[in-house]
Amino acid sequence: MEGASEEKISSVSNLVSVFENSRTPGAVPRDHGLETGHQNPGCRPPSPAEPWERPTMEEALESRPRTVSRRYLSSLKNKLSNGPWRKSCPDPGTQQPEEKRIVQELLETEQAYVARLHLLDQVFFQELLKEARSSKAFPEDVVRLIFSNISSIYQFHAQFFLPELQRRLDDWTTTPRIGDVIQKLAPFLKMYSEYVKNFERAAELLATWTDKSPPFQEVITRIQSSEASGSLTLQHHMLEPVQRIPRYELLLKEYVQKLPAQAPDLADAQKALDMIFSAAQHSNAAITEMERLQELWEVYQRLGLEDDIVDPSNTLLREGPVLKISFRRNDPMERYLFLFNNMLLYCVPRVIQVGAQFQVRTRIDVAGMKVRELTDPEFPHSFLVSGKQRTLELRARSQEEMISWLQACQAAIDQIEKRNETFKAAVQSPEGDTQEQELQSEELGLRAPQWVRDKMVTMCMRCQEPFNALTRRRHHCRACGYVVCARCSDYRAELKYDDNRPNRVCFDCYTFLTGNVLPEDKEDKRRGILEKGAAAGSEQSLMCSFLQLLGDKWGKSGSRGWCVIPRDDPLVLYVYAAPQDMRAHTSIPLLGYQVTSGSQADPRVFQLQQSGQLYTFKAETEELKGRWVKAMGRAASGWSPRGPNDRDLSD
């Protein structure tokens, strides 16, 4: 075994001699199959005192052999032939305990780390400060910002941490422990947070002033080319402190794992590991904060850096495209949302994206905001955002995306309410529109209403007169969101959600908001037999849906109607032109009618027939037709729900 080791070391020494002879001008190489002609003729032979420099990336990619200094080869030869070096090779018989080996590695890496800190603080930092003071080519403050608190970190490690580790390892025979030492010094490692938080900014300043100031670049290049720098860049050296605490954590974790169960240092070492982990978390929190600010700044740049939006205390929770459901247009419009911890920004993409990519249309405060899912067959995956400034009907691209938006908005609302107990809990209505209508009277004028879409009504929601394109056009009440005619909305009232500016409102909201009594000629008329609101009927209905109206019986009522059997009037079928109409155009008492299937050519057709009266309907699906036939059949036989908990007629 020993002979093989001697032979191996001898062969390595011979190989070193070959390299050494191949570097000497005029030397005759030994017969080892190596030629000196491989040396690059363009390379200057280094002087004997020149150190072996670490290759750069470009040199590593070259195919030509690199030169090695005589000083390095001589040193390697001495190490190979030296007795102590041979003894340093691990011998299974005399191998030291694993925990001591880890402490030895910790000490060696700490020594190398302190040397790197010395280079940063005493060489790079001081030389750049000296140049800044003498030449005035760049500000001293820039140098201080680049190196942050590196001086404090260097002094701590050079004067406290490294000496303590060295003393403890020297006394390892009598005191085989390091847990108490690390416990004492670990709290000071939190000073790394300032350095880590400043690191990205420091790298940007370094790159900027390297290009901007030749004297700045000259100092850095001169130091980087020195032996002490090891041909590494300043950026590489500056990264060392960022990586150091995770290195401590790994070594100490391994040290705890290797300790015997009854080791006296086990409890202290575990506590020291927890403290190192806390310091690492502290640095990670600083990195997270730095990344948050960087991300926030990029978002503000995309929004055009508007003064009322830029706030470093904000946190971006979610962003993404959505579709805006218009109350006038049939096709949704592309929009973009930014959800912060305190506001929701409703934005429009800019056509010409020079500088800002989005234009902010509306800012909705999270405080007082409400969100809920909408059940609209025409627009699936839609949800409502109701805030003090505006109420929006939005559509996501999928059900999962809609749920994600609802959860993110609700989490932001809950967080605001936890921090400020003066805000009332956001009400999530399981019944949907019913509770929303109940809350409207309490919050009328305090928050922007949900506007009823134009195509959902065919008549004024106050006076029930039908709309037309010339004499009775559609308008929206800014307080309740109803679609009303010009005569019913010829009033103005101050709305708090719009900074108390006068807005167009209907006469009901005008009376509620101002307390003024309306003239007698504008008071609400007595309700007729057909004046049962479709929306109210649908919410408390036994059966409702769209049906196609076939035949001449319907006259000008149209080919499609919103049909409702109300719970409070279960023996009558009401037919509306639109789901939000306040008055039905037809009512059919179902008692005594016969419900039959229609033409066999289309199984979705069914009829109501009695004494010469014939009404023909067509459902969208056979399943829907079956539910309607069953519901109408029960109503025709005189069945009515016995209580409020009875299920609808189609069950």
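Residues numbered from 1 in each chain as written. Predicted model: local features only at pLDDT ≥ 70, side-chain atom pairs only at ≥ 80, totals over all residues. Heavy atoms only, no water.

(A) Summary view of the side chain of Glu393. Considering the arrangement of structural elements, one finds Glu393 in strand β7 (residues 391–395). In this structure the side chain of Glu393 is engaged in a polar contact, spanning 2.5 Å, whose partner is the side chain of Arg453. Every residue in contact with Glu393, bar those within four places of it in the chain, is listed here: Leu323, Lys324, Ile325, Leu374, Phe383, Leu384, Gln450, Trp451 and Arg453. (Helix = DSSP H or I, 4+ residues; strand = E, 2+ residues; numbered from the N terminus. Polar contact = N/O pair within 3.5 Å; in protein donor to acceptor, adjacent residues only side chain to side chain. Contact = heavy atoms within 4.5 Å.)

(B) Local environment of the pairing of strand β13 (residues 560–566). Burial runs high along β13: six of the seven residues are buried. Across seven bridges, strand β12 (residues 541–550) lies against β13 in antiparallel orientation. Across the sheet, the residue bridging to Met543 is Ile565, located in β13. Bridge count between β13 and strand β14 (residues 572–576): three bridges; the pairing is antiparallel. In the sheet register, Trp562 faces β14, and the bridge partner there is Tyr576. In textbook terms, the turn of a hairpin is the stretch between consecutive antiparallel strands, and for β13 and β14 this stretch comprises five residues. (Buried < 20%, exposed > 50% of the residue type's maximum accessible area, 1.4 Å probe, protein only. Pairing = 2+ DSSP bridges.)

(C) Here's a closer look at helix α13 (residues 399–419). In this model α13 runs 31 Å from its N-terminal to its C-terminal C-alpha over 21 residues, within 8% of the 30 Å that 1.5 Å per residue would give. All buried positions along α13 are accounted for by Glu401, Met402, Trp405, Leu406, Ala408, Cys409, Gln410, Ala412, Ile413, Ile416 and Glu417. Against the buried residues of α13 lie β1 (316–324), β2 (333–340), β5 (370–373) and β6 (382–386). (Expected span 1.5 Å × (residues − 1).)

(D) Focus on the packing of aromatic side chains. Inspection of the entire model under this criterion finds 13 aromatic pairs. Among the aromatic residues, those joined into a ring-pair cluster are Phe156, Phe161, Phe188 and Tyr248. One cation-aromatic arrangement involves Arg560 over Phe546; the distance from NZ or CZ to the ring centre is 3.7 Å. (Phe/Tyr/Trp six-rings, centres within 6.5 Å; stacked < 30°, edge-to-face > 60°. Lys NZ or Arg CZ within 6 Å of the ring centre and 35° of its normal.)

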